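Below are the chains, spelled out letter by letter.
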Amino acid sequence: MSNLNDDDNIEQPKPSLVPPFLAAFVSLIIPGLGQILARAVSRGLLIFFGMGTILGLAVWRFILAAPRDKGALAIFKKALRLEPFLILITLIILILYIWIARDAYFAAMQIGSKPFGLSLLFLVVFFALGWQVSEINPVTILTQADDAWPALSKVIWPWERAIEYPEEFISGGANIRVPCTDEALAPTEPVDEAPYVISFPTCGELTAQDGTPGTNLTIIGYNFISGVEAGIRWTDPNLQTFRHRLEGDFVIVTPDENGEFQIDVIMPYRLLPPSRAEGDMIWEISAQQVSSVGKPQASQELKLAIEKIIETIFIGMMATFFGIILAVPVSFLAARNLMSGSQVTVSIYYFTRTIMNIVRSIEPLIWAIIFVIAVGLGPFAGTLALTAHSVAALGKLYSESIESIERGPIEAIEATGANWLQTVVFAVIPQIIPPFVSFTIYRWDINVRMSTIIGAVGGGGIGFLLIQWIRLTDYRAAGIAVWFIAITVAALDFFSAKIRERFV
Amino acid sequence: MLEVRHLTKIYDDGTVAVNDVSFEVAEGDFLVIIGLSGSGKSTLLRCINRLIEPTEGEIIWNGVDLVQLQGEDLRNARRQIGMIFQHFNLVNRSSVLTNVLSGRLGYTPSWKSLLGRFSPEDLEKATQVLERLGIADQTHKRADELSGGQQQRVGVARALMQEPTMILADEPVASLDPVLAHSIMQQLELLNQEDDMTIICSLHYLDLVQRYASNVIGLRDGEIAYRGSKTEIQAMTDDEFKEIYGEEAERVGHGLEGELQSTPEAEK
């Protein structure tokens, strides 16, 4: 096919099996086949699998965009209409097709072309598909940022949620006799200081079931806190309290500057048990205010957050502690230089390494879920989860520092006539202490950070509160938790750096 | 009196490092072993204090075959044999004092050394040894803060703490520059002449060999290729040296008197 290299001494490439146009045509039907027939096998296979992946992904996206349509053409049209982005992908794929055919043509002509353009096109398609699959939509960041702001501002400065004032209920009431009898109830005695309510009249009829309105009462309240809303409530003869409603809304009054208010109410309808619905009944109408009194004090949320952040730090600490205790022996079994003695020790080495790798590859969050099932919700499950991960991670780091100890000092100490124990104490331990300390502190750092989130799956610690408050959209409380986590992690970072400095 | 008879060491991978080597070292000798890297010098030295197990042969020292010793007896023999290394082999992160004191481990009960405690006599001795070697002011520094020459002095100090009657020195100056090389060698010479210690030392440089050796053996491929007395080695020319030693032989320079030359071996 080609006579390009006829005059050269370079080894003759084998000629293409098919003419260039046929190669191009075949590659249009099955991408890459043309290249394979033109003896550019590896490039052909690459194109075939690359194009196969792209088409597969594209088909998936099309079906996803038009899930209810039947038939390839219908799906194609609908998807293009609903997802304009797919038009771009279709276009690039078409260009890619033509390019592949062109590449097959050149391959059959045996003109060595660099696959730069082709590779670039492949990258572009994958990038476009990736953009689509991960639903990247930068516009939403701008359009919906405003929605996030209220929540974010609460998280950033949550401290008004950290203090609260003790609350007190202030109420005053008047008795109403139902129904009216000759014997009138004495009006409420006026009292100094304490709030009270006077009703005119002091007896009446309830609203009937058929809608006949009850007696209209005029209620006057005295000695309430001015400006603070008061709710009107009824207490029926069964001592059940309920709030008075007017057309469905709770009735609320606001006392004037003298602490007084006046309001007309119609006695409500109330279904009472038959045994209590007869004869003489005493009802009470009252007004109730909620007032903040006394000094500010730490809120329930703040107390909880403090309690849980302490729990968090201790979960991290205990997990690190148990992690060290278990990781030290494990690390000796996983150190190649100590375990290369015989077949048996080498198998122990590989066994330990394998187990450690498996344990380490499972995230602490997953371990927490497993241990929550095993030992129930709470900090113990979290401690176990972090311990499991720590043993594997520390075991690996420790064993690597054991593997890297120098032989020289050990030899020198042996030469002084020291026994095995003395050699370990004077030549081995001084070499492994600094890396051990360094890795341990690093792990403690990780464990505390992990324990802040492990509560999310019920492993104890502040993570549980954080997730709970976020779900309750109590962003101020969540903000307190976030602040505590940030402070803890920053402090830990600072101290671990300090300690590491001293040892390394 | 040390007598090495038919010593052979074959490593697990089949390498014959030392092959049927026999020689004698009289009390108070300064024996220098020369030979290329890989000729078996280090293995030979380590066989003497059994850091490496010999495959065959006998090492008779003061009437006892060191090869037969086990456990406590071996450790008691070792503590009388000081050893100095090319790369000093100090515990870098420990203090100079701890490194020097570790020379007393053979005389210290395990429980005491577990706590890192040494007797007041040992501490006193460490101070004396450090002063003798001129590094008393470095006592509380970390070993790796010291220069190469100072580190080797710590190595010598550690060996002296053992109160040895024999010192094995495995290329003690190969990591040092020429000036320091001479000063360390002079320390060894002093120990040899004033303290009557037997010294077995491997060396690379002909002028050092001529200056310090009282006897010389040359190793090539694990076998003895040369034996010479002090007078014989003095008469040796560079060409003869190269013949038994190989082309890599180098002079350090003209010692302290001459100008200092950089040595390609110094970095080794």
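The structure presented is a predicted model; accordingly, all values stated were derived computationally and were not measured.

A. Quick peek at the overall build of chain A. If you tally the helices and strands in chain A, you get 17 helices and twelve strands. Its C-alpha radius of gyration of 40 Å places chain A more than 25% over the 23 Å reference for a compact globule of 504 residues. The C-alpha extent of chain A, read off along each of the three principal axes, is 130 × 85 × 45 Å. For chain A, the proportion of its 504 residues judged to be buried stands at 40%.

B. Structural detail: empty space enclosed by the protein. Overall, the coordinates contain two cavities of 30 Å³ or more when judged by the stated rule. Taken together, I413 and F426 of chain A together with V91, S94, T98, N99 and S102 of chain B make up the full set of residues lining the second largest cavity. Residues belonging to the lining of the second largest cavity are distributed by class as follows: three nonpolar, four polar and no charged.

C. Just the interface of chain A and chain B, in detail. Counting residues at the interface gives 21 residues for chain A and 28 residues for chain B. Contact between chain A and chain B buries roughly 2000 Å² in total, counting both sides, with carbon and sulfur atoms accounting for 61%. Counting across the chain A and chain B interface gives one salt bridge. Residues R46 of chain B and E411 of chain A are paired through a salt bridge, measuring 2.4 Å at the closest nitrogen-oxygen approach. For the interface between chain A and chain B, the tally reads eight residue pairs in polar contact (both at pLDDT 80 or more). If you list the elements that add at least two residues to the side of chain A that touches chain B, you get α14 (407-415) and α15 (420-454) of chain A.

D. Broad picture of the confidence of the model for chain A. Predicted confidence across chain A gives a mean pLDDT of 85, with 96% of residues reaching 70 or more. Confidence drops under pLDDT 50 across residues 1-11 of chain A; counting only partners more than four residues distant or on other chains, this segment forms eleven contacts.

E. Spotlight on the layout of surface pockets. By volume, the largest pocket amounts to about 520 Å³. As for the largest pocket, its lining consists of 21 residues, of which L338, I410, W420, V424 and V428 of chain A are closest to the centre. Mapped onto the lining of the largest pocket, the elements with two or more residues apiece are α10 (336-339), α14 and α15 of chain A together with α2 (71-78) of chain B. At eight residues, α15 of chain A tops the list of elements feeding residues into the lining of the largest pocket.

F. Examining the domain arrangement of chain A more closely. Here the domain parsing of chain A yields domain 1 (20-136), domain 2 (167-292) and domain 3 (300-503). Here the C-alpha centre of domain 3 of chain A lies 48 Å away from the C-alpha centre of domain 1 of chain A.

G. Seen up close, the sheet that holds strand β10 (residues 261-266) of chain A. Residue and element names in this part refer to chain A. Ordered in space as β3-β4-β10, the three strands form an open sheet in which the pairing is antiparallel. Only two strands of the sheet have a single partner each, and these edge strands are β3 (196-200) and β10. Across the sheet, the mean angle from the axis of one strand to that of its neighbour is 25 degrees, orientation sign disregarded. As defined by bridge partners, strand β4 (residues 216-222) adjoins β10 across six bridges and the pair is classed as antiparallel. In the sheet register, N216 faces β10, and the bridge partner there is I266.

H. Structural detail: the sheet that holds strand β7 (residues 166-169) of chain B. All names here are of chain B. Pairing within the open sheet is mixed, and its six strands lie in the order β6-β7-β8-β3-β9-β10. Only two strands of the sheet have a single neighbouring strand rather than two, namely β6 (81-84) and β10 (223-229). Pairwise comparison of adjacent strand axes, ignoring direction, gives a mean angle of 20 degrees for this sheet. Relative to β10, strand β9 (residues 215-220) runs antiparallel, the two sharing six bridges. Bridging from a neighbouring strand, N215 pairs with S229 of β10.

How each quantity is defined
Residues numbered from 1 in each chain as written. Chains lettered and ligands numbered in written order. Predicted model: local features only at pLDDT ≥ 70, side-chain atom pairs only at ≥ 80, totals over all residues. Heavy atoms only, no water. Helix = DSSP H or I, 4+ residues; strand = E, 2+ residues; numbered from the N terminus. Rg over C-alpha atoms; globule rule 2.2 N^0.38 Å. Buried < 20%, exposed > 50% of the residue type's maximum accessible area, 1.4 Å probe, protein only. 1 Å grid on protein atoms, 1.4 Å probe; cavity = no way out; pocket = protein on both sides within 12 Å on 5 of 7 lines; lining within 4 Å. Points joined across faces, edges and corners; volume = space filled by probe spheres on them. Nonpolar A, V, L, I, M, F, W, Y, C, P; charged D, E, K, R; others polar. Contact = heavy atoms within 4.5 Å. Buried area = accessible area lost by both parts, 1.4 Å probe. Salt bridge = Lys/Arg side-chain N within 4 Å of Asp/Glu carboxyl O. Polar contact = N/O pair within 3.5 Å; in protein donor to acceptor, adjacent residues only side chain to side chain. pLDDT = per-residue confidence, 0-100. Domains from an automatic or database assignment. Pairing = 2+ DSSP bridges. Axes fitted to C-alpha atoms, helices over the stretch in contact; angles between N-to-C directions.

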